[in-house]
Every structure is written in structure tokens, then in C-alpha cells.
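Next come the chains, spelled out residue by residue.
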Amino acid sequence: MRAKKLNRGVALVGAGMSRFGAFPADTTRDLFVQAFREMRASVDKGLDPRGIEAIYIGNYSSDLFEGQGHTAPLMADWIGLASRPATRVEDACASSGVALRQGILAIASGLYDMVLVGGIEKMTNLPTERVTDTLATAGDVLYEIPAGFTFPGFYAAIATAYMARYGASPESFMKVGLKNHENGALNPKAQFGATIRTMMDRRIASAKAKGRPMPTWEDEMAFLHDDNANPVIAWPMRLFDCSPISDGAAAALLVAEDLADSFSDVPIHIIGSGQASDCALHDRPDLTTIASARLAGEQAYQMAGVRPADIKIAEVHDCFTIAEIVATEDLGFFAPGEGWKAAEEGVTGRGGRRPINSSGGLKSKGHPVGASGIGQVVEIWHQMRGEAGERQLPNSVDLALTHNVGGTGQTCAVHIYERRR
Amino acid sequence: MELTRHWRLHNQRYSLVGEQCDRCGARLFPPRDVCPECAEPAQELFTFSGRGQVYSYSTVYSAPEGYQEYAPYSVALVQLEEGPMVTAQLTDLGDDKPEIGMPVEMVTRRLRADGDQGVIVYGYKFRKHVKDII
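It should be emphasised that the depicted structure is a prediction, and the values quoted were computed from it without experimental measurement.

Let us look at the packing of helix H6 (residues 151-166) of chain A against helix H11 (residues 321-330) of chain A. Residue and element names in this part refer to chain A. Two elements in contact, H6 and H11, have axes separated by 9 Å at closest approach and are oriented at 60°. As the angle between them shows, H6 and H11 are arranged oblique. When the axes of H6 and H11 are compared, the crossing they make is left-handed. Where H6 abuts H11, its residues Tyr 155, Ile 158, Ala 159, Tyr 162 and Tyr 166 lie against Ile 322, Ala 323, Ile 325, Val 326 and Glu 329. Grouping the amino acids of the contact of H6 with H11 by side-chain chemistry returns 9 nonpolar, no polar and 1 charged.

Turning our attention to the domain arrangement of chain B. Residues and elements named next belong to chain B. Assigned domains of chain B: these are domain 1 (1-47) and domain 2 (49-134). Each partner contributes residues to the interface: domain 1 has 14 residues there, and domain 2 has 17 residues. Both sides together, the interface formed by domain 1 and domain 2 hides about 1,100 Å², and carbon and sulfur atoms give 69% of it. Counting every contact that joins domain 1 to domain 2 gives 0 salt bridges. Put simply, domain 1 and domain 2 have 0 residue pairs in polar contact (both at pLDDT 80 or more) between them. For the side of domain 1 that touches domain 2, the secondary structure elements donating two or more residues are helix H1 (3-8), helix H2 (10-15), strand S2 (27-28) and strand S3 (44-47). For the side of domain 1 that touches domain 2, the element with the highest residue contribution is H2, accounting for 4 residues. The residue makeup of the side of domain 1 that touches domain 2, split by class, is 7 nonpolar, 4 polar and 3 charged.

What the rule picks out here adds up to 2 cavities of 30 Å³ or more. Quantified by volume, the largest cavity comes out at close to 60 Å³. Lining the largest cavity are Leu142(A), Tyr143(A), Pro146(A), Ala147(A), Arg13(B), Thr87(B), Ala88(B), Leu111(B) and Tyr124(B). Residue lining of the second largest cavity: Gly97(A), Leu100(A), Gly373(A), Gln376(A), Thr402(A), His403(A), Asn404(A), Ala413(A) and His415(A), and that is the complete set.

Rules of the game
- Residues numbered from 1 in each chain as written.
- Chains lettered and ligands numbered in written order.
- Predicted model: local features only at pLDDT ≥ 70, side-chain atom pairs only at ≥ 80, totals over all residues.
- Heavy atoms only, no water.
- Axes fitted to C-alpha atoms, helices over the stretch in contact; angles between N-to-C directions.
- Helix = DSSP H or I, 4+ residues; strand = E, 2+ residues; numbered from the N terminus.
- Parallel < 35°, antiparallel > 145°, perpendicular 65-115°, else oblique.
- Left-handed = near helix turned anticlockwise from the far one by under 90°.
- Contact = heavy atoms within 4.5 Å.
- Nonpolar A, V, L, I, M, F, W, Y, C, P; charged D, E, K, R; others polar.
- Domains from an automatic or database assignment.
- Buried area = accessible area lost by both parts, 1.4 Å probe.
- Salt bridge = Lys/Arg side-chain N within 4 Å of Asp/Glu carboxyl O.
- Polar contact = N/O pair within 3.5 Å; in protein donor to acceptor, adjacent residues only side chain to side chain.
- 1 Å grid on protein atoms, 1.4 Å probe; cavity = no way out; pocket = protein on both sides within 12 Å on 5 of 7 lines; lining within 4 Å.
- Points joined across faces, edges and corners; volume = space filled by probe spheres on them.

Set out below in C-alpha cells:
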């Protein structure tokens, strides 16, 4: 098969997001407007929004979460662009990673010069059981869900298979959560802007204030092993192995590469894009890897002409802690079976050789599912331009990657970004 | 889920009826009329033995609506002896813990409690192979 390439280059010249979290007073429209405003302010040389020619919005299930379908034209209207072709993209939790790709393809085709891509999700209107049911529709509702499987259950089955093959343990997964909460504590947009240690201290203070028995955790790992503080959701996945239920929106502006300098002092070039699909979990020959992620990654690396070792930072889809470990292997950062060791040894921390999820990842930043893919792009935008504040990586980030998974890997979109100045 | 959809799935749910590909011989479950191996039509019915082994599993503590009365319960990907893998709940485990490689066999059980639409859904679950219990 011939190497795939874009017919013309595409650059990212603006990115922004709402805070991720639980916002009872805000609808998706409000959140999207917040994201759009921040994106607009991030365009170095200013943006006249009327130049936006088309809009692609990732959104998993506003229908079930909010009782509102047909969300893309609504978002266009709420930012004053009601007449622009606005298309909703649905690929479960990969919806906005795929919306990004649609925007790239639309510019590369030559049809448009400026495209807005975004993601939205408003999940906290529903009680947890109904959120679980809604997320479950991203699985196979005829052959997976009737067994009583949940999304934590699917990833738990991946974790069980991974532990049996490679010798990882639940502690390996806990280390991922600890690291992502460390990062998220430095991210003002994160749902959990606190380390595990801070959350422990808060609980201890609360117990003290209320005259309740004082918890006796020796350290963070003891806290994470406590069945009351960190209950098992689907063994071996505990509460702190799972990303939260979140509201949020994110937006990014794409332009044809030759226009980038008229918008941005430091444009970010999108040099690789890959996307692949896969069957339900039970039809896969191997649960310790996500084949669609491997394929999408290979496509993106090939298009970009770079190798995994060249990538300075990556935002990967850690909907569950095991998913981050598998992702780092699927993307070629570590050999199969080595990802859990890297997580335990701190290689993936901000000070490590291979920083992963400097934003806090979905685990700590939050996972408003349809917005998560563009949420990753926002972190890459800040890190590559040196605007990530307290969590800015020490080394120059000139090459970065995002990895956005839908379901248990029925969809995956991978993108590679380059800063040239 | 609608009553008609449950009725349509009756053969698969109660009897583990799948399909076989005329061309490459692959056995399919769930049946889908097109072979995932060679993309040719595969419509010849094939009834699976219902025997297999646990490929991977989890124990669900936080259960969705309709399943809470069973929690905690174990769910598994069961590799059937004819090849395909099915997603199913494990049942009748007693004090046994599920294990990768555990031999299991299909039984018919109630899958979920009476939901909003008053439909009680029956279908396959898997229990430890009975030979090992006796």
C-alpha cells in the first residue's frame, strides 16, 4: 500500500477549553462558548470568526445525556456562525479525535482554508447508573452488555489478561493514577486539581473536624489499597483507576499551512494523522493490545516520517489506568509487556524520559467523552508553545502525539504535531 | 431494549447458535452472515457445544441497572472450544474465584431483572465445568 499523505499541509493556530468538571449550571452550549472564547484569545494575531468556513464537533451522546440531538448546528449558532456547515462526529470517546481528523481532511482536500474543530459532552445531569448505561451503548448492546459488562469491566478484563501475561499487578495501575493526579494538580482546567496526597489530607482533616475515626493510611499506596477510600469498581480496576464523569468542551482552529503565519507566531503543524477501527472485545485475538491504536499509530508515524523515539510528549487515552499502559506499548514507546515497568519506574512522569499525560490525562483532568480528544490537543498546544505554566516540561517540545480511543478500541485516532520555530 | 429484539436473538441466547463460513470454515459467534475472516457470506447455522475456557475476566462490584441484585458478579471472555470468544457472566461459582484457563460450560439463566419495560431476559451464562464440581 502506498504511503498516505495529505494533499496540503494543515496547521493548528489556536486551541482552548472550558474547565472540565461537574457544572450543574452549564449546558454544552455554555461550555462550548467558553472553549471557543479561549481558543479565539489564543490566536496570536487575532481571529475574525467569520473566516471559519466549516465546523466539526465531536459529541458522543448528547441525545441520552441531555435529551438533545443534532448538536453541531446548535454549537455553530451559539458562536455566531449559524450558516456554516456544521457536522457532528460520533465515535464514542474518540469523537473529537475523529472530528479533528475530519477537519484536517477537509483542509487538505482544498475545499476549505479555515476549519473549527471541537468536542462537547455534558454527562453529570444523569445519575451514575444511567451514565454507566449510556456509556455502555458504545459497546455491543446485543452481545456484550447483556452479560452485565460495564466499561470498567471491559478494561478490567484487559487488565486481568495483561497482568497474567506480563506480571504486572494492581500496584502498577495505581502508579499511573498517582502520576496523573500529580500532573493534574498543576492544571487549572483539571476536574481533580489535587494530588492523591492532598485528597488524603482533606479526608483526614474532614474526619478530624467531624470527630470521626481518623484514617491510618501510611502513604498513598495504603490509601489506594483501602477498600473504603478506593472501592473496587470492577476488579482489578478501583475507583482511582477510572476517569471521572465530566462536563466539558474544547475547540481548536485549523488553517491551511500557507496561511498559518498570518494567524500565529508559533503555529503547530499537524504532520501525521491515523485512524483505525476494530471489532468488539470478544472478537479480538489478543486483549493485551489495542489493534486499532497500533494501526492508527503506524499510519500517523508513516505520514509524519518520524519514529516513536522522536516523540517528546504524548497525551494518551487513559480512560482507565490500564489503558495508559497499553497505549504506551501500542504507540511503540515501550515494548509489549514493558509499559507497566516504565509506569512503576517513573519513566512516564513529567521529569521522566517519556512524559505521558502532562495534563493529568483523562484520569485527573476529566473525561467529558466527546471533548477529550480536542482536550488532548489543547495540552499539546500549550506544551509545544511553552505556555503550560507550572506543568511545562523542562525540555523543548518540538514533536508531540495525541492518542484518542473510542469504546474499548473499536475506534482510535492518532495525531502527530510539529513545532518548526 | 424492545421485546422484538429479544425475540430475534432467541436462538443465539438460548442455544448458542452461530454460523459457519462455507468458504473458509470459520465458525462465527455472534452470527453476522458475513465471515470476518474472508468477507464472504456465512449463513450456514452452527450450534456451539457450549464448552470453553475463561480467557479473561473481571468481577463487577459497581453494577448497572438490572444487575445490581447479582453484584458482585464475575464476567468473562470465554473462548469456546470451537474457536470464537463470547462475552458472558459466570454463574454458580460458589466460593471459587474465576481463573484464566478455567474450564466452563454454558447454562441458561435469567440475565437481568425486570427492567422498565417488564421484560425478563434469559440467556447464556457459563459455570465451571460440571465434571470438576462432582
